[in-house]
Structure formats: C-alpha cells, structure tokens
Amino acid sequence: MRKYSVAAIVREALRYNAGWERAWRSPEPKKQYDAVIIGAGGHGLATAYYLGKNHGIKNVAIIEKGWLGGGNTGRNTTIIRSNYLQDSSAAIYEKARSLYETLSQELNYNVMFSPRGVMMLAQTEHEIRGYRRTAHANNLQGVETEFIDPKTVKKLCPIIELSGPRFPVLGALWQPRGGTARHDAVAWGYARACSDMGMDIIQKCEVTDILKSNGKVVGVETTKGVIKTHNLGIIVAGNSSILAEKAGFRLPIESVSLQALVSEPVKPCMDVVVMANTVHGYMSQSDKGEMVIGGGTDGFNNYTQRGSFHHIEETVRALIETFPIISRLKMLRQWGGVVDVTGDRSPIISKTPLEGCFINCGWGTGGFKAIPGSGWAMAETMANGSPSQLASAFSLDRFREGRFIDESVAAGVAH
Amino acid sequence: MSSRLSTGGKLIDRSLSKEFMFNGRRLKGFEGDTLASALLANDQVMVGRSFKYHRPRGIVASGSEEPNALMETGSGSKLEPNQRATTTKLFDGMRVKSQNHWPTLEFDLGAINSTFSKFFPAGFYYKTFIHPRFAWKYLFEPIIRKAAGLGNAPKEKDCDTYEYFYAHVDLLIIGGGIAGLAAASSAVKSGLKVLIVEQNDYWGGRAIVDEINIENGSGSDWIYQQVKSLSNEKNVNLRLNMMAAGVYDHGYVLLHETLTDGSNKKMELRQRLWRVRAKQTIVATGAIERPLAFAGNDLPGVMLASAVRDYLVNFGVSCGDRTVIVTNNDDAYRTAILMKNAGLEVPCIIDARPSVSESLSKQVQSLGIKILTGKAVSTVTGSKRVEGVAICSHAGSGEVLETVACDCVAMSGGWSPVVHLWSHCGGKLEWDKKNYMFKPDLTSAPLGANGEGMLTVAGTANGFLISRDVLSDGYTKSKEIIKALTGKVPKISMEKAHSGDESEILPVWFMPQGATRKLKSKTWLDFQNDVKVSDVELAAQEGFESVEHTKRYTTLGMATDQGKLSNINGLAVLSNSLNVSIPDVGTTTFRPPFQPISLGAIAGEARHELFKPIRKTSIHNWINANGGVWEPVADWRRPFCFQRNGESIKEAVEREIVNTRTNCGILDASTLGKILVKGPDAARFLDMIYTNVMSNLKVGKCRYGLMCSENGFLSDDGVVARLSDDSYLCHTTSGGSDRIHAHMEEWLQTEWWDWKVYTLNLTEQFSQIAIVGPKARQLIEKMGVDGLDLSPEGLPFMGFSEGFIAGISVRIFRISFSGELSYEIAVPALKAQEFWDLALISGEEFEVMPYGTEALHVMRAEKGFIMIGDETDGTVIPQDLGLDWAISKKKEDFIGKRAQMRSFMKSENRWKLVGLKTIDPSVVLPDGCYAVDGESNSYGHKNMIGRVTSSYFSPTLERSIALALVENGPDRMNEILNFPNLDGSVTKAAICDPVFFDKEGKNQNV
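Since the structure is predicted, the reported quantities are computational estimates derived from the model, not experimental observations.

This part is about the overall build of chain B. Secondary structure summary: chain B contains 25 helices and 54 strands in total. Judged by the C-alpha coordinates and their principal axes, chain B covers about 115 × 75 × 55 Å. Within chain B, the proportion of its 1006 residues that are buried is 63%. Nonlocal contacts in chain B, meaning residues at least 24 apart in sequence, comprise 66% of its contacts between residues at least 6 apart. Carbon and sulfur atoms provide 52% of the accessible area of chain B, an area that totals close to 37,900 Å².

Further remarks concern the environment of B:Ser922. Mapped onto the elements of the fold, B:Ser922 is located in the loop between β49 (911-918) and β50 (930-936). Here the alpha-carbon distance between B:Ser922 and B:Phe953, two residues 31 residues apart in the chain, equals 7.8 Å.

What links the strands of a sheet is backbone hydrogen bonding, and the strands pair in either a parallel or an antiparallel sense. All names here are of chain A. Strand order in the open sheet made by the 6 strands is β8-β2-β1-β12-β19-β18, with mixed pairing throughout. Either end of the sheet is taken by a strand with one partner, and the two such strands are β8 (200-202) and β18 (348-351). Strand after strand, the sheet turns through a mean of 15° between neighbouring axes, direction not considered. Pairing between strand β1 (residues 35-38) and strand β2 (residues 60-63): 4 bridges, direction parallel. For valine 36, the partnering residue across the bridge sits in β2 and is alanine 61. Against the sheet, helix α2 (residues 42-55) makes contact with β1, β2, β8 and β19 (357-361), and its axis sits at roughly 165° relative to β1, the strand it touches most.

Attention shifts here to the environment of B:Gly427. Residue and element names in this part refer to chain B. Along the polypeptide, glycine 427 turns up in the loop between α10 (420-424) and β28 (429-432). Here the alpha-carbon distance between glycine 427 and alanine 445, two residues 18 residues apart in the chain, equals 4.6 Å. In contact with glycine 427, other than residues within four places in its own chain, are Trp422, Ser444, Ala445 and Pro446.

What follows covers the confidence of the model for chain A. Detailed reading of predicted coordinates is not advised where the pLDDT is low. Averaged over all residues, the pLDDT of chain A is 94; the fraction at 70 or higher stands at 98%. Predicted confidence is poor over residues 411-415 of chain A, with pLDDT under 50, and the contacts of this stretch with residues over four places away or in other chains come to 18 contacts.

Looking now at the packing of aromatic side chains. Taken as a whole, this structure holds 41 aromatic pairs over all chains when the rule is applied. Linked through ring pairs, A:Tyr4, A:Trp20, A:Trp24, A:Tyr109, A:Trp188, B:Tyr126, B:Phe544 and B:Tyr553 together constitute an aromatic cluster. Lying across the ring of A:Phe147, A:Arg132 places its NZ or CZ 4.8 Å from the centre.

Attention shifts here to the domain arrangement of chain A. Residues and elements named next belong to chain A. For chain A, the assigned domains are domain 1 (24-78 + 183-252 + 346-410) and domain 2 (111-179 + 255-342). Using only C-alpha atoms to locate each centre, domain 1 and domain 2 end up separated by 29 Å. Tallying the contact residues gives 25 residues for domain 1 and 24 residues for domain 2. A combined buried area of about 1,700 Å² lies between domain 1 and domain 2, and 55% of that area is made up of carbon and sulfur atoms. Applying the counting rule to domain 1 against domain 2 returns 0 salt bridges. Inspection of the region where domain 1 meets domain 2 yields 8 residue pairs in polar contact (both at pLDDT 80 or more).

Moving on, we come to unusual backbone geometry. Residue and element names in this part refer to chain B. Residue proline 103 is reached from tryptophan 102 by a cis peptide bond, and omega for that bond is 0°. Positionally, proline 103 belongs in the loop between β8 (94-98) and α2 (112-115). Following histidine 131, the chain continues into proline 132 via a peptide bond in cis, with omega recorded as -15°. Mapped onto the fold, proline 132 is located in the loop between α3 (124-127) and α4 (135-147).

The subject of this paragraph is the interface of chain A and chain B. The partner chain B presents 122 residues to the 118 residues of chain A that form the contact. Contact with chain B buries surface across chain A, with A:Leu140, A:Arg166 and A:Arg328 losing the most and accounting together for 9% of the total. Taken together, the links from chain A to chain B amount to 16 salt bridges. Two residues, A:Glu313 and B:Arg275, come together in a salt bridge whose shortest N-O distance is 2.2 Å. On inspection of chain A and its partner chain B, the count reaches 67 residue pairs in polar contact (both at pLDDT 80 or more). Sorting the residues of the side of chain A that touches chain B by element identifies α1 (6-13), α3 (87-101), α4 (103-107), α5 (125-141), α7 (183-196), α9 (309-322), β17 (330-342) and α11 (397-401) of chain A as the ones contributing at least two each. Here the side of chain A that touches chain B gets 11 residues from one element, more than from any other, and that element is α5(A). Broken down by class, the residue content of the side of chain A that touches chain B amounts to 53 nonpolar, 33 polar and 32 charged.

Residue and element names in this part refer to chain B. Where helix α20 (residues 682-689) contacts helix α21 (residues 737-750), the axes come no closer than 12 Å and their chain directions differ by 115°. The angle between α20 and α21 falls in the class roughly perpendicular. Between α20 and α21 lies a crossing whose hand is right-handed. Residue-level contacts link Phe685, Leu686 and Ile689 of α20 to His743, Met744 and Leu748 of α21. Looking at side-chain class alone, the contact of α20 with α21 contains 5 nonpolar, 1 polar and no charged residues.

Procedures and definitions
Residues numbered from 1 in each chain as written. Chains lettered and ligands numbered in written order. Predicted model: local features only at pLDDT ≥ 70, side-chain atom pairs only at ≥ 80, totals over all residues. Heavy atoms only, no water. Helix = DSSP H or I, 4+ residues; strand = E, 2+ residues; numbered from the N terminus. Buried < 20%, exposed > 50% of the residue type's maximum accessible area, 1.4 Å probe, protein only. Contact = heavy atoms within 4.5 Å. Areas by Shrake-Rupley, 256 points an atom, 1.4 Å probe, with all protein chains shown as cover. Pairing = 2+ DSSP bridges. Axes fitted to C-alpha atoms, helices over the stretch in contact; angles between N-to-C directions. pLDDT = per-residue confidence, 0-100. Phe/Tyr/Trp six-rings, centres within 6.5 Å; stacked < 30°, edge-to-face > 60°. Lys NZ or Arg CZ within 6 Å of the ring centre and 35° of its normal. Domains from an automatic or database assignment. Buried area = accessible area lost by both parts, 1.4 Å probe. Salt bridge = Lys/Arg side-chain N within 4 Å of Asp/Glu carboxyl O. Polar contact = N/O pair within 3.5 Å; in protein donor to acceptor, adjacent residues only side chain to side chain. Nonpolar A, V, L, I, M, F, W, Y, C, P; charged D, E, K, R; others polar. Parallel < 35°, antiparallel > 145°, perpendicular 65-115°, else oblique. Left-handed = near helix turned anticlockwise from the far one by under 90°.

Quick look at the structure:
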C-alpha cells in the first residue's frame, strides 16, 4: 500500500490523480478464514485490525451487509471522552481515547482526532455533587478531568448563556483531552489498514445463518455463499439481537432509534464539546462549521433509522436556552441510527453460549468514542478464546450475576 | 450584463420600488422581487464564494435548489447567515452581505485555494496533516476551521418569535401547481377537509412561466379561477409560503410557514411550524431542472435554463444580453424562444442530441437562432463571469471547434422529480428509463399506522413532464383518494391541458463524452462544496463505490442545498465510473428537512420562561419574598435556605437546624410526589411495586416503602398511607413523581392490564407543609384543631388523621425525616398560603422559622436517613443501605425480587452504608470522594474501597459527619480510612454508625 503524504498528494496532483490506489480491495470471499467478523463498522474493523496487529491473525474476513462504516459509525455525533465513573468503563474508554490520540499516525490516515475538550455542564446542586464525584473517581483512575467554575466555562465556550432563566450553569466537569474525530475516517482508516494486512472486507454481503456443529461455530451462510470459520465475532450494532438469534442465544438488549442533526455551516464560534444533561442536549461544531447536535432516544423499540420529531424539538429548545445565538441558524439535516441498549447501559464484549462465537454489542448511545478500545479488547478476547482483562467486566454473565456496570449517574443523557 | 427589462415581470409591481444594500452598495428593486431577482436586475452576477476553493459564484437557480446565492441578512439580533437569495423576499431597507470571502467578494485571499485546487482533490484531508501529531490541533485544524463555514454565526440573541400550529385534515396537498390545484378542487367538491400548501408566494408553479393551454384558455387564467373558487369554500385552507419540511411515521407532516422574510422591526413573529396529521397526503412538488456538467460550468453567469426563463417572465429580468443555450432536451428551447422574443440575443443552442424534431428546429430557426446539434461545451471562458463558450463535438474529447462570445449560459440537463418527501419515510424510487430520472415507485409507498400507503404523488413529482399528463394525474390521484376516504367514486369533470409531445432526452452526465481528466477537473457537480466530476471519479477509483461512501468522501450533496442539483449527475458519473447502471448505484437517503429550517422555528414558543416552565408550589411567592435562596430541583425551585440580612448561607442553614431541633421549624414539602392508587387490585398492585408488604397496612396508617427497578436497584422511596380499603396515597421523592407515576402506568398498561387499578398524580392538588420540632404539637394546637386528636395516643408515629386545622380541611401525617416530632400536613393547594400564614402567626411564640432543603438534608443525615440520588445512584440495592427490614421475605414477588437473588447481589463484599467521622472534626469530607486502600486494581487504577455519599458539617453535633458506602463497611467499625483529595492531600476518617443523633428516637416518639 502506498503511503499517504504531502509528497504523494503533489505527485498525484501533477498527473490528475491518476495513480491513487484503492483504499481497500473488494475481494470475493474465500472458502475459509481463521476468523470472521460480521459487521464492518468501526468496532468490527478495529477488532480485525488489532487481531492482525496485536495477535498476528491476518487470515480474516469482515462481512458487511451494506457498506462499511454505514451504521452508527457513520451517523453519530463523534464525541470522544472517557470521564466515566466505574473502573471498568473508565479503563476501556480511556484506552480508546488514548489510542485515538495516535490513530492518525498509526493508520497513516488522518482521522482528525481533535482533543478540543469536552465539558459536561452542572445545572443543579445534585449534578455538581455527581460531577465532583466523577472528578474524584477519574483522579484515582488516571483519567484527566476537573470540575471547573462558571467563569472558566464561559472562557472556554463564550457562546454559553450562564444565567438562563431556567437552569443557570453552576460549573462543569471538564476533560481537556476529550474531543471529536472524523467518524467516517475512523472506519476508512481501519478498513484500509485491514485490507493492507491481507484481510478481506466483503461488502453487500448479508449473513443469512450461523452454522453450528456440536455446540461450536463452524461458519456462516451468506448471500455470497458459505464461509467457514471456527472463530466468529458478531459486531453489528442495531442488529445484534437478530444475529444472536441465528447463533442460538438471546441478548439482554433493546434496539431503539437515536437521532442527531446538523445546522448549516457557519464560521467557527465554538471550540469545545458541550453536554448539558439537565436540559438534555449536546453540541459541538465540526471542522466544516456545522453545529452537530445529538437528540434523545425514542421511547419505543424499532429498527428504522429515523425517529420521532418531538425529540428534535426538545433537544433544540434545550440548546437554544444554553446557546441563544443558535436560534437563527438552520437545521440542515436530521437522521437516526439504531442503538442497542442493555439493562445497565454498558456494553457487552463476551464469549457466548456458542463456542467459538464472540459478541461485541450494547454500546447504546455512545459507542463511537470506544472504537479503538473496543476493538483492542474484542481482538484479545477472540485471539485468546477468553475475555481479556479490559473486556472481562463486560461479559454476558454479569446480567446473570447482577454485576452491573451502571453509568447512569455519570451519563444522564444519551450520547 | 444582467438587467431589468423595461417591460414584463408577472410577480413584480413596478410602482412600488424597494431600496436595499448589498455589500454597502445601495440598490433598487421592486415589490415582488426576490433578493436574487433584484441582484440580477442590478447586474450583480457574482454573489458569493464557494466553500472549499473560494471560487466566484453566481446565481444558478430561481428556487429552493439554489446552491450559491447564500447571503448574510440583517445585523445584531436579526443577523441571519446563509439566507438563500432565491427564496428570500426583498424588503425596503434590507441589508445584505455576501459570504465566505476576505477582504472582499471581488478580491478574496481565500481564492488561493482555487489556484492550488489540483492539490486539494476529494479526500485530500485524510491523506495529509498527519505529522507531526500535535499540529492537527494547534495548526492545521484551526486553519481549516477558519476557511470552512459559510456565513458568520450571530453574536446576539434572536429578537424574533416563533410559534406552532397544529392541523388535522382529511387530505394534505403539498404543492400548488396545476396537479395540486386540480386535486384540491375535486377533493373539496367531494366534501373532504383539505389543506393545500405552496412554498412560493404565488400559485401555479411552473405553469405561470411556461404558458400552457388548459381548456383553450391560458394556464394562468385557469390557476386564477381555481384559486378563486377554492377560496370561497369552507372546507379548504390554502396557504402560500409554506414549505413541507418533512414526512414522519404515521403520516405526521412538518410544514414550515414563513410569515416574514424580515423587516427592520424589532421582535416580530417570523415563522410558524405546523404539525399536520392528515388521513392522506398528496405530494405534488414538481421537479427540479438538472444542470449540465461541462468545464467551467461554475462560472457566474452559467444558470439553469428554467431559471433564466423564470427571471425573464416573473421578474422582467434578463440574465444576459447574449445567452447561449446548452441542452440535451426540448425544454430549454422555451428559454431560447422567450429570450429572443424579449429582444435579447441568443446566438445559438448547443444541443448534445444528434438531431432535433423538424417542427422545433423550424420554429427556432425562424427566429434566427442557430441550432448546433451533436455539440457540447468544451469549456466556458471568463474568470469572474462568463465571457464565452468554446464549442466542441459532444462525441469527442473536447477539441474546440469554435468559440462564441456570450455573457450568460442557460443549461438544461433534463428534470428530476422532487421525490424527497416521498422518500423521507421509506417510499421507494424507480428509474424512469425514458426520461432518465428517479421517480416514486407507487407500488412501494411509505406506510401509515394501518399498514396502508399514507402518501401518494401526483403530477410532475410523479414523473409526468408534459402539462397534459400532469393535470390529468392530479385529477386521477385525487379521485383515488376520495374513493379511499369516502368510499364513493366521485364524479369529477377532468379539465384538460393541451400540449404536444416532446422529443426524447439524451442522457448527458458530463460533456463532452470523452472529456479529458483535465476538463473533468474543471467540471463542477456540486457548486457549493466544490465537487467536480474528477472527484467522483477519484472516489470510485479509490474504492468508495457505495454512493454513500462517494457522498461522504467527496462531500457531494452535503452542502446547504442537500444536493438538489448535484445528486443525480453525481451518481450518474459514479455509475459510469463503476460501469454499473444508475439504479444499481442507487440514491443516498433523503433526510428532512426539504429546505433548512431555523432552530428557532423548531423551538417555537418554548423559550426562556416557557422552556420547561418552573413548577411553583403555593408557597413559592412567599418564599421568594422572604429570603429564600433558590435551587433547581427537578422542574421545581426549592429554597436552599432562608437568608437573613447580614447572614451567610452557612449561618442561615445552621440557624435553621438549631432552631428546628430546639424550637420549631416549618417546611414547604409540597414538591413531594403524591400519587393516588385506587381500585379493587390496588393492594395487590402496590405489593408488586414496593419491596415491602402494603396489602396488610391498616386503614389510617402509614408505612415507609421502597421501590426497586427490575434490576433490583433502589429507585425511589416514600411514605404510603392507606386512605381506605381500596385506596392508597403514595408519596414519592420530589424529582420522582412523574417518573414513578409513569413507571406505575407502564406496568399497569403493559403487564397487568387486567388489574383493576387507577393511578392519579395529585402532586399539585395538595400542598404539604411540615411542622417540625419539639414545639410542633403546641403550635398546631394553637392554630385550633377540629376533629383531630394530636396526643401521642390519638395520632401516634406513622399514623395519619383527617380533620380541620384553623378551619382548613387537612390530612395530617405523623412522619419524620428529621428525627424530631414532626407533622406533615396536606392541605388543598389553594388553601396552602393561608395555612402557612396562620402557622407563622400562631408559631411566633414558639419561635417557628421556615427552613430550606439544606437544613432538611443535614438533619436527615444526622439521623442516618438515606436520600435517593445521594446514597443511591442506580447501583445500590436496599440491602446495601441496611434496609433489609423493608424487603418482604413473605411476598412471592415484587419488582426487583428476582434480580436481588443473583449472586453478586448477595456478595459479602458489597459496599454498604456506614457513617464517617473525620479525625479532625472541623474538616468536612469533599462530596463524592473515595476511600483507597493503597493497592492498585487490575486496571492499574488506585483501588477504591468506598465513597462518600453525603457530607455535611453538623451544627447539632458541632462536627463534620458523612454517610458513605464502604466495602463490607458495617463489619469494619472504627477502622480509619484514607480519602485522597484532588489536590493530593488525604483526609482520614473513621467508620461509625450511620445514625449520628438520637439513635433511640427520643425526640421523635413524644
């Protein structure tokens, strides 16, 4: 694979870009692979990448029903943070965040990780106590966060209204190394690196069945034929329960629609990511200039990638109160994605009742930030056949044992 | 030059002139002008700069599909970026600026990007700016951010207002062209309740420009008659300036009505968002003309042929003195003929097709217009506006045959039906092989709540391009809907439009056919985002084969026009590069809104005080006037304390506590949730909702109850009173009343739908006033009781009675959250202030004082009472808090029981409630700090063994106290734990009993 660089851009520009290679190959599936991953989203591609890079398993196929990165990887609001409360969450999200720091260099693909800082506003006394607690926990977990006063909030984000008529801003939890990245680029960068390692990314190929023999996985049946493997990873947010059913087990998951919207692009007016949990809204400004806004989840289960408009209304109202200048900006586009929500709002990275079949799902409304850490932990789990240290707390068994990882106090709002 | 002609202009009123400022220049327009037509009338051809390369941009279109003419209008609290000039009405005194340039529109330093554009092809961002690592955040990203964006963000609060409307109709018709009007007139005659909306400020759509013939009269007359007769009917609502923004599940349609495009008035009602539920909707949204892709097609002066015609007919504006037409279909010939008839020069029509029908060519040639068939534009010449076109053979690679001077190029690549609304909610499309366009697949309509199609499409939006078919489709579709909605076949007189056939279109996605890479790199698809044919081809070459990949990699169609002009050409280029058919490439997903709508309109009236209106108790105003220091609690405000002159908040809280414990305090506890549960199965229901048994509670008694989630975690607590055999009053936390009510209803409606239980949230109907302290009983007796026995035997702890105090009907509960003798008195909300006032008067001699939430919290912590949200966080089970006694062992089931039987719930090592006393009694532990044991956990974090859940300075004990959850805490009494602070210091505290004060309950049981 040719390296991307300024020199390459100049060279190609002078011959009207005739020499650029494919970012990833588009192969026909082989009959058998050492490992097969269903789902070429961020998590699936990252898993494949670390299987190859960390564990030397490169005879891998990644099967995708649609187009790679086309699920929630390509439709989230791109926030990256690791200011979680519980140890197991802080560990995996901070691992992910730290991998994001060097991902562009590692993949030779600019994923535009921008550690511009994430701020979660405290707008009630109760929230202040909650975020102080998170700051204490993060301090012991080695996650850099601090509780900042309203004056600092205003300095970091001048367009915030501190003394709105309803919920004045009383402070914020600030993670200076949190931020955003270009979501598509994360999928494309991993895909390019996987393809370069010789892995096969097979798009427009739907898994129609999971093949079993004596309680072990032996392959998958797809719209492009049978593919054999003894090591299968299911990483298909939004369709996890459907695939699990084909593998013969049930998941403690509900699938709901989560919405987002962007405004028309304007010149830079907001350099940080702000989340306001009391009023339910969060916003950042993309490099293109669009205000990127996240909404809430629907109160009912469904598999459509659209949602109820009243969530958009509620979110927009909350954000106009928080950032009054946005009232005359215009909503350019709204969309939805299907998220898999578990009982404790924490993910599942686990062995399954089917031997040789592993699952990574349940990231709910905030999976994008976890992609590198999730892939890292899932690859370790698939390579060793048993949960990795990073993944161990996220096993399916925790629901049977009641060993929940509930972050609701740290994350009152969807994101 | 572009200019205003001395005659013509159906939409303007030349007697009313309007002055406006563009980039500091004073210009003139007329009533009825759009900003775009007024700019063109003043020869302002260049109106902006493109997003990426900052190239000069001119007006291309005449409607909502316009990608270039985006302006900043107004200033201060009326500043609005990215206003589309083609859909913005001109008003007198309007101030307009062009965007995305520095220092000026004509001379923009950002245009250096254009000079080096060959180095910035699609996706170049991903391939560079990688090293050094820190440079992205500190160098590259800030530069890119600054260059990106279009208009400036406003700096002030919006001074205007917005509102919501709701409508329920039988039939919603979107689009007021001839198909929509035909459908409306027949539906109205059949008695249906109809709403018909049109995004323009005039009826008729394209028909008024392309003078058509209906029943041997002019189209304009027919439209006038239709609207006039509809206006007389009661069962129809006709609305102009109303754009259908989106279609949602179950036929919910969002309409955006523009009430004013602005004025210089402060605070006006600007826009209105309609939420419409229609039994059926007809989408008659017409079509949008496609540009042609040829080198230099982005120069100012290159416009859609239909737009050139629109400006001429509707506004009396000529877009150029010498206009060259480039086309692949018959429609653009209309522009040529109109221009020529208006006395303007049309040197030639460049038609990519090998031949043209004889009648058309005769008609055009008789006007002296040359037709060049089989030809294409090799490139447009000029730098900031069109100076001429170099003509080549369409079949070749672009060798120039001749050059024709001109100042306007009118292009037409055919028409694309506006299928957005059809597609928003899942309607499928099909490829029309004859007209080369996507149109709705009527067999695959979006489905409504009943599983039937909820939308239909009529007229041009349905793929009919000739007026005869358009009108007839309007009637046909309304007939079908009338039959479906009324069950009767309506008798409709179908009026007919007369039009001849047109010759076939030649599909041309870029020209010439064999264009070189060099030409393709100057051939624009997306004018705003600077996406060229070469970019789409590069995306395909690099493996971005899915149309969604191409869109995201090149940003094709992601600009503020959402690809209305660029999408079809773009995906045709992609299909060509991939060598697959266009329908196999497919389209990207159409997302609402059809046109961008302001966030203000979405928020509507719910702003400022009306955003989550503050819930007020009956005592709210008194508290406000008497030193109450507010804190937000759920949607309420509660007083943190009552501050007196010269007193600090800390002093106020301590005074309130000491006074309550020694004399008497009064608290407005009205925010506590109060849910009435009633019915033959009420007892059975509450046995499931609470962990304790409620069915054996005696009438007239209270019991403290706990509620858990399905997962066994403590979710709310409160006192339950049994009012009668079949009715209970359940008290919840202040923040929990709505949530718990919804929780009860969810179980009743989804699981126990056959149980006979009603729930009613009475939180606001009753105020609750707590009178607390050693002198509480004396105070109430002083107020005058009737029908109540307040003696310890008459109203014992955890009992309640009903009667009168000071003549006011009350329900009095003897319950305590402070450990003192305490009565919570429920009174009708409207009587609460009177009761409060009387209590204060009677209480004077007992030194009664109001107290706030902080005193409440400290007193409950002194007593070791838990607080939902402090001691609980969604991970705590009642057993962790020593509340095992409140969990029934007898009951077969309750919500959370099964979950609490799981192994980890019974683990020995759970974090459990204890008290903490700091070694230094004056030091208060910080909220939320953790205890560590000096080890590391498996993640390498410092190992945590407990955390502070509540921490206060207790004036009663004159020392700091804290409640905490500590691993196996109750078995570690007196152990000293280390709590690291954020500054690196460590606070030491010893584990103790969580009940710090009056463990025996002497004070409360009197």
